[in-house]
Amino acid sequence: MILGRIIGEIHGTIKHPFYEGKRLLIVEKINPAGAGTGDYLIASDAVGAGSGEDVLVLDEGNGARQVYESADGPVRSVIVGVIDDIYDAS
Amino acid sequence: MLLGRVIGQVVPCIVTTGLEGVPMLLVQPLDKAMKPKGKVLVAADATRMAGPGELVAYEGGREAAMALETTFVPVDHAIIAIVDGVNYLP
């Protein structure tokens, strides 16, 4: 899983039927210190995350399909957690 | 998923079984500020409605093929959604 911060949301009428009714959020990847890396991805939201929140993103297909209990959904990136705090002991 | 801009179309004359009739579009990957980033790629259009100039969201990897009607096909990028709007959250 990777750390990210929600920076935006996309919407569109025409999309794969699997994504009907699912929120698609733009997530900027962050490092453990909380700074943005400049990289991003679009992930669907499984937990109800909101603007500016730090989140845990699963970027792997089989696990993502398991979240949605789908055998054939074309999904790879899913927000699976909202982060309160990151403690980096290093 | 990532954001991309459709910049053209590819018309193959011979394709592998299962890819007949699937539109192939040239997609310029975009960064989070909507600026072109990286090399142009060819993506199968799972929406079958995207065209040059449009902003799209595309998926890479195994999930790309799963977005198409015939799912066991050699495809590594597929357009999943046509993006009508992007909201950057404050």
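What counts as what
Residues numbered from 1 in each chain as written. Chains lettered and ligands numbered in written order. Predicted model: local features only at pLDDT ≥ 70, side-chain atom pairs only at ≥ 80, totals over all residues. Pairing = 2+ DSSP bridges. Helix = DSSP H or I, 4+ residues; strand = E, 2+ residues; numbered from the N terminus. Axes fitted to C-alpha atoms, helices over the stretch in contact; angles between N-to-C directions. Contact = placed C-beta atoms within 7 Å.

A. Broad picture of the sheet that holds strand 3 (residues 41-45) of chain B. Taken together, five strands build a closed barrel; the order of strands is 1-2-3-5-4 (chain B) and the barrel is mixed. Taken pair by pair, the neighbouring strands of this sheet meet at an average axis angle of 55°, ignoring direction.

B. Layout of the interface of chain A and chain B. Contacts between the two partners involve 26 residues from chain A and, on the opposite side, 25 residues from chain B. Only strand 1 (2-11), strand 2 (24-30) and strand 3 (36-45) of chain A provide two or more residues apiece to the side of chain A that touches chain B. Tallying contributions element by element places strand 1 of chain A first for the side of chain A that touches chain B, with six residues. Sheet topology note: the strand 1 of chain A/strand 6 (residues 85-88) of chain B ladder contains four bridges and is antiparallel. Counted as the bridge partner of E9(A) is N87(B) from strand 6 of chain B.

C. Summary view of the environment of I79(A). Residue and element names in this part refer to chain A. Examined against the element boundaries, I79 turns out to sit in strand 5 (residues 77-82). Sequence separation between I79 and V27 is 52 residues, and the spatial gap between their C-alpha atoms is 9.0 Å. Beyond its immediate sequence surroundings of up to four residues, I79 is in contact with L25, V27, A43, D45, A46, V47, A49, V55 and V57.

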